[in-house]
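Read off the chains here:
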Amino acid sequence: CGYLLTTPFSKWKGCGLMLCVVDCVPVSWSWLRIPGVLQRLGFTYFVLSLLQTFWVQKEIPLTAVSCSDVVLYWPQWLVIILLETLWLCLTFLMPVPNCPTGYLGAGGIGDNGLYPNCTGGAAGYIDRWMFGDNMYRFPTCKEMYHTTQPFDPEGVLGTINSIVMGFLGMQVSWTIFCSSILSKCTRDGGFIPVNKNLWSLSYVMCMGCFSFLLLAGIYLVTDMKGWWAGQPFIYPGMNSIFVYVGHSLLGFYFPFSWEMRFQESHWEWLFQSLWGTALWVLIAYLLYRKKFFLKI
Ligand SMILES: *[C@@H]1O[C@H](CO)[C@@H](O)[C@H](O)[C@H]1NC(C)=O
């Protein structure tokens, strides 16, 4: 419990605000991490459900193709385009003290150490301004770029794009083309590089596209043709919150992970990730057999 309260200082980032507040006597609020993965999911679905409620599409034709999707949802598209314009303007035009405008890098020793305190550019600046000490301190860039600034990968600015991403889930797969153009099909370049920590526009387009294609493929194979019932993914899928929170709490301990001996090579990382995933799938399978399902 005491550990949970130190969320911003520990590597446990996924427990959400609820766990920390409900389970514990709040000893100190000052270090509590306000944003988080579950918070972001909740807020994203909240906004999208408002959009959907205000502009109810009474009859969705089953034969809808890509263009009619856009036409049918035009008021929602308008809101989404306005939101995305806000993200683009803030990200690329907002002046950040002592940092280049439109900076998207990690700070620290990145960019030859020119902008050590600029981690996350405008997104990082907005979060540090809003939350102060209540920030996540173990962003993925810390290890590689030796950053010193707190940075939240589920921060305020990125939430705009996660709303856009959720909306794309209701749309079509043309997003891959946008993503390819924005990132110029490069790993970390292009007009807007693919960046998960910033939830950049090219990242949400790319993820939206692949999720859509995957969903379409699985829908065909499982629901329409009935060739496959979704094992083993159905087991963790039926207990996704349980597995997610469990991993957040225990993922850094044996037997899910261990201190790696070959940090420089990728194979031990890969093996550890696959091992941890397999263990959680097994746990989820046992829970499935016992008909134990945890839902929020
Ligand atoms: C970065 O911030 C630290 C304090 O957090 C300060 O000591 C240092 O001078 C800053 N560096 C630059 C280049 O602004």
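Residues numbered from 1 in each chain as written. Predicted model: local features only at pLDDT ≥ 70, side-chain atom pairs only at ≥ 80, totals over all residues. Heavy atoms only, no water.

J.: Honestly, the overall build of the chain in this entry has me stumped. Any pointers?
T.: Along the backbone of the chain there are 13 helices and 0 strands. In the chain, the succession of helices and strands from N to C terminus is α-α-α-α-α-α-α-α-α-α-α-α-α. Looking at the chain as a whole, 38% of its 296 residues are labelled buried. The long-range share in the chain, meaning contacts at least 24 apart out of those at least 6 apart in sequence, stands at 61%. (Helix = DSSP H or I, 4+ residues; strand = E, 2+ residues; numbered from the N terminus. Buried < 20%, exposed > 50% of the residue type's maximum accessible area, 1.4 Å probe, protein only. Contact = heavy atoms within 4.5 Å.)

J.: Please clarify how the UniProt feature "transmembrane region" (unreviewed entry) in the chain should be interpreted in this entry.
T.: Feature annotation in UniProt places "transmembrane region" (unreviewed entry) on residues 12–31, 37–56, 77–96, 201–221, 233–254 and 269–288, given in this structure's numbering. Taken end to end, residues 201–221 is 100% helix and 0% strand, and its two terminal C-alpha atoms sit 30 Å from one another. The distance from the first to the last C-alpha atom of residues 269–288 is 28 Å, and the span holds 100% helix and 0% strand. (UniProt positions renumbered as here; feature names shortened; annotations may be inferred.)

J.: What is the right way to look at the confidence of the model for the chain in this model?
T.: Low pLDDT marks regions whose predicted coordinates should not be analysed in detail. Taken as a whole, the chain shows an average pLDDT of 82; of its residues, 82% reach a score of 70 or greater. Throughout residues 1–12 the model reports pLDDT below 50, and contacts reaching past four residues in sequence, or to other chains, amount to 41 contacts. Below a pLDDT of 50 lies the segment residues 19–27, which in the model reaches 18 contacts outside its immediate sequence neighbourhood of four places, other chains included. (pLDDT = per-residue confidence, 0-100.)

J.: Just to check I follow, could you spell out the side chain of glutamine 76 for this structure?
T.: Considering the arrangement of structural elements, one finds glutamine 76 in helix H5 (residues 74–93). Given a relative accessible area of 2%, glutamine 76 falls into the buried group. Residues in contact with glutamine 76, not counting those within four places in the same chain, are Leu51, Gln52, Trp55, Phe167 and Met170.

J.: I keep staring at the nonpolar core and nothing clicks. Help me out?
T.: A general trend in soluble globular proteins is that nonpolar side chains are found buried together. Counting 31 residues, the largest nonpolar core has Ile80, Trp87, Leu157, Phe167, Leu201 and Val204 as the members making the most contacts within it. Those elements that place two or more of their residues in this core are helix H3 (37–54), H5, helix H6 (121–131), helix H8 (156–168) and helix H10 (201–224). If near-sequence neighbours (up to four positions away) are discounted, tryptophan 87 is found in contact with Phe92, Leu157, Ile160, Asn161, Ile192, Leu198, Trp199, Ser200 and Leu201. (Core = buried A, V, L, I, M, F, W, Y, C linked by side-chain atoms within 4.5 Å.)

J.: Where do I start with H3 in this structure?
T.: Residues that lie three or four places apart on an α-helix share one face, since the helix turns once every 3.6 residues. For H3, spanning 18 residues, the distance from its first C-alpha to its last is 26 Å, which sits close to the expected 26 Å at 1.5 Å a residue. Listed in full, the buried residues belonging to H3 are Val37, Arg40, Thr44, Val47, Leu48 and Leu51. End-on view of H3: buried residues confined to an arc of 105 degrees, all on one side of the axis. Seen from the buried face of H3, the exposed residues on the opposite side, beyond 90 degrees, are Tyr45, Thr53 and Phe54. Its buried side turned inward, H3 meets H5, H8 and helix H12 (240–250). (Expected span 1.5 Å × (residues − 1). Arc of directions from axis to C-beta.)

J.: Got a minute to help me understand the environment of phenylalanine 233 in this structure?
T.: The topology assignment puts phenylalanine 233 in the loop between H10 and helix H11 (234–238). Residue phenylalanine 233 is classed as exposed on the basis of its relative accessible area of 57%. In this structure the C-alpha to C-alpha distance between phenylalanine 233 and alanine 284, which are 51 residues apart in sequence, comes to 9.5 Å.

J.: Can you help me understand the packing of H3 against H8 in this one?
T.: The relative placement of two packed helices comes down to the angle between their axes together with the axis-to-axis distance. As a packed pair, H3 and H8 sit with axes 9 Å apart at the nearest point and diverge in direction by 55 degrees. Between H3 and H8, the angle is such that the two are oblique. Here H3 and H8 pass one another in a crossing that is right-handed. Between H3 and H8, the residues in contact are Arg40, Phe43, Thr44, Val47 and Leu48 and Gly158, Thr159, Ser162, Ile163, Gly166 and Phe167, respectively. Its residues placed into classes, the contact of H3 with H8 shows 5 nonpolar, 5 polar and 1 charged. (Axes fitted to C-alpha atoms, helices over the stretch in contact; angles between N-to-C directions. Parallel < 35°, antiparallel > 145°, perpendicular 65-115°, else oblique. Left-handed = near helix turned anticlockwise from the far one by under 90°. Nonpolar A, V, L, I, M, F, W, Y, C, P; charged D, E, K, R; others polar.)

J.: Please clarify how the packing of aromatic side chains should be interpreted in this entry.
T.: For any pair of aromatic rings, the description consists of the separation of the ring centres together with the inter-plane angle of the planes. For the structure on display, the rule yields 13 aromatic pairs. Relative to tyrosine 288, the ring of tyrosine 235 lies with its centre 4.9 Å away and its plane at 70 degrees, an arrangement referred to as edge-to-face. Of this pair, tyrosine 235 sits in helix H11 while tyrosine 288 sits in helix H13 (residues 266–289), and the two are 53 residues apart along the sequence. On the basis of relative accessible area, tyrosine 235 is assigned to the buried category, the value being 15%. Relative to tryptophan 267, the ring of phenylalanine 262 has its centre 5.7 Å away and its plane inclined at 35 degrees; by these criteria the two rings are tilted. Residue phenylalanine 262 is classed as partly exposed on the basis of its relative accessible area, which comes to 41%. For tryptophan 267, a relative accessible area of 53% gives the class exposed. Ring-pair connections join several aromatic residues into one group, and the members of that group are Tyr235, Tyr285, Tyr288 and Phe293. The ring of phenylalanine 191 is capped by lysine 184, whose NZ or CZ atom sits 4.5 Å from the centre of that ring. (Phe/Tyr/Trp six-rings, centres within 6.5 Å; stacked < 30°, edge-to-face > 60°. Lys NZ or Arg CZ within 6 Å of the ring centre and 35° of its normal.)

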